[in-house]
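Here is what each chain is made of, one letter per residue.
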Amino acid sequence: MKKALYLLLVAALFVGCNRDKKKDEPTGPFIFFETRVGESGNLPQREGEAFGVFGYHSSEESLSNVFTGYDDRIAQVAWDAEAGAFAYEKLVKWSGGTYSFYAYYPYAYKNQVRLTVVDNVRYKTLQFVQPCELDEMLDLMTASAELVAKTPEPVRLQFESKLFAVDVVIANYDEMSTSVPGLTIVDAEIDFTGVPQSMEFDIDGTGSNISPETVDINADLYAGSEGFELTPGKEYSFTKEMGNSFYLIPDAGIKYSLAIEYIDEEGERDIYTYPEDGDWASLDDFVKAGGRYAILIDTSSGTPYPFKATLVADWEDKVDIDNDFN
């Protein structure tokens, strides 16, 4: 019954309030939010997908919490598929003075085991624990909008990632017109070492801390049983096929190694390892929060197959076979 009444209220607000010409966002006397990620992205818009937001209202010399209807003073702003917008249940009206809002995504992560909000009265600290399983990883993002006055428009929250993403891709650089049959990938795995175990930061951006403790991550990159053929001109994103990217806490001490098991055109089984001396490859200061990278393994015909691994910045989920990534 409570949910039904809430939906009726949101629907009424949609009808009775002004609208953004480009979006169907609710506006008017209540505080609403719209979200952006990067230049053109959006937060995931699945039913119930949510971010947390808290705020402070400053009027004359007083400072107060905005979302007092919630015990922790944090509004759960969830995607409502029926309304086509992010909304929260305990709506707050605008008043005079200025507002500052601070948001984080996701609202809940493994029942708060990996993501915890600590209330320090005048600011809040977000504590994050690095997951070690690929299927548990997701992007951790924050946003803020400070000194906002009453407005008929939704408050725009520009989210930025606190982690960096890594994909693992293999590509056959032989000409597509060549008669070579390619090779069959049988198995693949990657290891990361020196990944910070956790980090915490003041969500208003005043301070952050990365733990000196680290974790090792080992992940199988291929779940098939029969392998797949990597024909000339073809690429294969292991992480995309696994349904996720690696999201890691940025740190210069992170290193990685990988192994690709394959069958060549002569039917011989072999393993390519990177680095080839069995050591670790270092990320150094190459990575940064919000960056998206790919470990690209390219190959072409030969005996044995020549492989080359390259760390690619500004990754866009697509290999241009004609590009030189060095």
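Residues numbered from 1 in each chain as written. Predicted model: local features only at pLDDT ≥ 70, side-chain atom pairs only at ≥ 80, totals over all residues. Heavy atoms only, no water.

Engineer: Please clarify how the overall build of the chain should be interpreted in this entry.
Structural biologist: Each helix and strand in the chain was counted, giving 2 helices and 23 strands. A total of 326 residues make up the chain; the buried ones form 46% of that total. Pairs at least 24 apart in sequence give 69% of the contacts found in the chain among residues at least 6 apart. Here the chain has roughly 16,700 Å² of accessible surface; of this, 45% comes from carbon and sulfur atoms. (Helix = DSSP H or I, 4+ residues; strand = E, 2+ residues; numbered from the N terminus. Buried < 20%, exposed > 50% of the residue type's maximum accessible area, 1.4 Å probe, protein only. Contact = heavy atoms within 4.5 Å. Areas by Shrake-Rupley, 256 points an atom, 1.4 Å probe, with all protein chains shown as cover.)

Engineer: I keep staring at the pairing of strand S2 (residues 50-59) and nothing clicks. Help me out?
Structural biologist: A regular strand places its side chains on the two faces of the sheet in alternate fashion. Counting buried positions along S2 gives 8 out of 10 residues, so the element sits mostly inside the fold. Sheet topology note: the S2/strand S4 (residues 75-80) ladder contains 4 bridges and is antiparallel. Looking at S4, one finds that Ala50 is bridged to Ala78. Where S2 lies against strand S6 (residues 98-105), 7 bridges are found, and the strand directions are antiparallel. Along S6, the bridge assignment pairs Gly52 with Tyr104. The sheet contact formed by S2 and strand S3 (residues 62-65) spans 4 bridges and is antiparallel. From the neighbouring strand, His57 faces S3, where its bridge partner is Ser64. (Pairing = 2+ DSSP bridges.)

Engineer: Help me understand the packing of aromatic side chains, please; the structure alone is not making it clear to me.
Structural biologist: Ring pairs (aromatic) are described by centroid distance and by the angle formed between their planes. Enumeration over the complete set of coordinates arrives at 24 aromatic pairs. Note on Phe33 and Tyr88: the rings are 6.4 Å apart at their centroids and 50° apart in plane angle, and the pair reads as tilted. Here Tyr88 lies in the loop between strand S5 (85-87) and S6 and Phe33 lies in strand S1 (residues 33-37), a separation of 55 residues in the sequence. Taking the relative accessible area as the measure of exposure, Phe33 reaches 2% and is therefore buried. The interplanar angle of 75° and the centroid separation of 5.9 Å between the aromatic rings of Phe54 and Tyr56 together place this pair among those described as edge-to-face. The exposure class of Tyr56 is buried, given its relative accessible area of 9%. Each residue in the set Phe33, Phe67, Tyr88, Trp94, Tyr99 and Phe101 is aromatic and connected to the rest through ring pairs, giving one cluster. (Phe/Tyr/Trp six-rings, centres within 6.5 Å; stacked < 30°, edge-to-face > 60°.)

Engineer: What is the right way to look at the nonpolar core in this model?
Structural biologist: Here is a general trend for soluble globular proteins: nonpolar side chains tend to be buried in one another's company. The biggest cluster of nonpolar side chains holds 57 residues, and the ones touching the most others in it are Ile170, Ile185, Ile190, Phe192, Phe238 and Phe246. If one sorts the elements of this core by residue count, strand S12 (residues 183-196) sits on top with 6 residues. Excluding its chain neighbours within four sequence positions, the residues that come into contact with Phe238 are Val168, Ile170, Ile185, Ala188, Leu221, Phe228 and Ile260. Judged by nonpolar contacts, the second largest core, of 29 residues, contains Leu43, Trp79, Trp94 and Ala145. (Core = buried A, V, L, I, M, F, W, Y, C linked by side-chain atoms within 4.5 Å.)

Engineer: Mind showing me how you'd approach the side chain of Lys124 here?
Structural biologist: Structurally, Lys124 is set in strand S8 (residues 124-129). When its relative accessible area of 3% is taken as the criterion, Lys124 is described as buried. Ignoring any residue separated from it by four or fewer positions in sequence, one finds Lys124 in contact with Phe54, Tyr56, Asn65, Asp72, Ile74, Val117, Val118, Asp119, Phe201, Asp202 and Ile203.

Engineer: In this structure, what is going on with the sheet that holds S8? I would like to understand it.
Structural biologist: Strand pairing in a sheet is mediated by backbone hydrogen bonds. Such pairs are either parallel or antiparallel. The strand order across the open sheet formed by 4 strands is S7-S8-S13-S14, and the pairing between neighbours is antiparallel. Both edges of this open sheet fall to strand S7 (115-119) and strand S14 (208-210), since each of them pairs with a single strand only. The sheet shows a mean angle of 15° between the axes of neighbouring strands, taken without regard to direction. Looking at chain direction, strand S13 (residues 198-202) and S14 are connected through 3 bridges and run antiparallel. Within S14, the position partnered with Phe201 by the bridge is Ser208. (Axes fitted to C-alpha atoms, helices over the stretch in contact; angles between N-to-C directions.)

Engineer: What exactly am I supposed to notice about the pattern of salt bridges here?
Structural biologist: For side chains of opposite charge, pairing can occur when their charged atoms come near one another. Using the criterion set out here, one finds 6 salt bridges in the structure. Residues Lys124 and Asp119 are paired through a salt bridge, measuring 3.7 Å at the closest nitrogen-oxygen approach. (Salt bridge = Lys/Arg side-chain N within 4 Å of Asp/Glu carboxyl O.)

Engineer: So what exactly am I meant to see when it comes to the confidence of the model for the chain here?
Structural biologist: As a general rule, the predicted coordinates of low-pLDDT regions are not to be interpreted in detail. Per-residue pLDDT for the chain averages 83, and the proportion of residues at 70 or more is 84%. The element-level mean pLDDT for the chain is lowest in helix H1 (residues 2-16), coming to 38, with strand S15 (residues 214-220) highest at 97. Throughout residues 1-26 the model reports pLDDT below 50, and contacts reaching past four residues in sequence, or to other chains, amount to 38 contacts. (pLDDT = per-residue confidence, 0-100.)

Engineer: Before we go on, may I ask you to explain the environment of Ala294 in this structure?
Structural biologist: Position of Ala294 relative to the elements: it lies in strand S22 (residues 292-299). Not counting residues up to four positions away in its chain, the partners in contact with Ala294 are Asp167, Thr310, Leu311, Val312 and Trp315.

Engineer: So what exactly am I meant to see when it comes to the side chain of Thr142 here?
Structural biologist: Residue position: Thr142 is located in strand S9 (residues 141-149). Those residues in contact with Thr142 that lie beyond four places of it in its chain are Ala103, Tyr104, Leu126, Gln158, Phe159, Glu160, Lys162, Phe201 and Ile203.

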